[in-house]
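What follows is each chain in one-letter form.
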Amino acid sequence: LILKGESFDPASATTAPAAAAAQWIACSSTKELTRAVKAYVQPGDRVVELGAALRETSASICEAVGPGGEATLVDVKRSFPKRDDVKRTKAMRREGDDVTFYVDRSKFVEIDSFSCWKSALFFGEGQNDALTSYDVLVADVSSIVGNDLGLQAVSLIKEFMDLNDNMPDQGTKCRVVIVKSGSLSAWARRLVHAQRLFADNIHRSVRSRLTQQKQDDDVHVGSKCFIPPIVVGTVGVEEYRRTIPYTVKEGDAALEVGCHLGTSTVEIHNAALDQINGNG
């Protein structure tokens, strides 16, 4: 799958750290999420966690920001587990946990439903102080949203970024997004920038996909095996066309969406055409 984005004007770019695009770190488990927090959150950061269970990840955030940082821990109202079922529910938030949880640097905000997160963070509801923006977003998508659909996760992150980075009188831009989402993590393993593809600076699993070798995450339906596609991100039409020899193989059935029956279409057709049998 080749995706073409908008053209980029280098003259409009800046090397200032504040203008850099936020990194998105996709994690598939709570263990990975906590490791990412320890790696990317810095002392003094202002961090918001959506889907805060007040367990290992929340504690790692508070430890990482230190006494000079701020952690806003947000979760929806839940039915608390029974105290006598500790083993099965030890990862779940319990009633009263927020009372003594890193009170010198964290604030716990409980919201009625997922749709209330914007009001709690940006429109004054649940805020004791002036409205603020954040350096880091940490989100457990399935916990806060109720599902782990890829587009839902992206929508949540993009909406947060738009609100956070355009807060009036705030200079803080979100530096990093750390998200626990199995669907986004799966996409991240298959996403490669075209420049890395040209430089052969790609993971061996991506290279295997491009040569259609069997992988552990192949999807089997009955006797058929479906290979999840690699997604190649490109900028501009020239870069888009340069990926064609790397991705379209002789005999392939290629679908071009946004087809103008121009140069790109011809190059895709020629790359897919079986020169002997005329198939493709």
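Residues numbered from 1 in each chain as written. Predicted model: local features only at pLDDT ≥ 70, side-chain atom pairs only at ≥ 80, totals over all residues. Heavy atoms only, no water.

Attention now moves to the pattern of salt bridges. Scanning the model with the defined rule gives seven salt bridges in all. Between Arg 175 and Asp 45 there is a salt bridge, with the nearest N and O atoms lying 2.7 Å from each other. Placement of Arg 175 in the loop between helix H6 (150-165) and strand S7 (176-180) and of Asp 45 in the loop between helix H1 (30-40) and strand S3 (46-50) is noted, with a sequence separation of 130 residues between them. Among the ionic pairs, Glu 159 bridges to Lys 118, the shortest N-O distance being 2.8 Å. Taken together, the residues Glu 159 in helix H6 and Lys 118 in helix H4 (residues 117-122) connect sequence positions 41 residues apart. (Salt bridge = Lys/Arg side-chain N within 4 Å of Asp/Glu carboxyl O. Helix = DSSP H or I, 4+ residues; strand = E, 2+ residues; numbered from the N terminus.)

Turning our eyes to something else, we now look at the sheet that holds S3. The sheet built from six strands is open, its strands ordered S2-S7-S6-S3-S4-S5 with parallel pairing. Pairing within the sheet leaves two strands with one partner each, and these edge strands are strand S2 (23-27) and strand S5 (106-111). Sheet twist, expressed as the average angle between the axes of neighbouring strands with direction ignored, equals 15°. For S3 and strand S4 (residues 70-76), the ladder comprises five bridges, and the chain directions are parallel. Looking across to S4, one finds that Glu 49 is bridged to Leu 73. The sheet contacts of H1 involve S2, strand S6 (136-140) and S7, and relative to S7 the element is tilted by about 165°. (Pairing = 2+ DSSP bridges. Axes fitted to C-alpha atoms, helices over the stretch in contact; angles between N-to-C directions. Contact = heavy atoms within 4.5 Å.)

Here we come to the packing of aromatic side chains. Tallied over the full model, the rule gives seven aromatic pairs. Among the aromatic side chains, those forming a connected cluster through ring pairs are Trp 117, Phe 122, Tyr 134 and Phe 160. (Phe/Tyr/Trp six-rings, centres within 6.5 Å; stacked < 30°, edge-to-face > 60°.)

For the rest of this paragraph, the subject is the nonpolar core. One finds Val 48, Leu 50, Ile 111, Trp 117, Leu 121, Leu 137 and Phe 160 to be the most contacted residues of the largest nonpolar core, which totals 28 residues. Ranked by the residues each element gives to this core, the list is headed by H6, at five residues. Ranked by size, the runner-up nonpolar core spans 20 residues in total, among them Cys 27, Ala 36, Ala 52 and Ile 61. (Core = buried A, V, L, I, M, F, W, Y, C linked by side-chain atoms within 4.5 Å. Buried < 20%, exposed > 50% of the residue type's maximum accessible area, 1.4 Å probe, protein only.)

Turning our attention to the confidence of the model for the chain. Model confidence for the chain is summarised by a mean pLDDT of 80, while 74% of its residues fall at 70 or above. Ignoring residues within four places in sequence, the model shows residues 6-18, a span with pLDDT below 50, making eight contacts including any to other chains. (pLDDT = per-residue confidence, 0-100.)

At a minimum axis distance of 9 Å, the contact between H1 and helix H2 (residues 56-65) shows a crossing angle of 0°. Our classification of the angle between H1 and H2 gives roughly parallel. Listed contacts from H2 to Thr 30, Leu 33, Thr 34, Val 37 and Lys 38 of H1 are Glu 56, Thr 57, Ser 60 and Ile 61. For the contact of H1 with H2, a count of residues per class yields three nonpolar, four polar and two charged. (Parallel < 35°, antiparallel > 145°, perpendicular 65-115°, else oblique. Nonpolar A, V, L, I, M, F, W, Y, C, P; charged D, E, K, R; others polar.)

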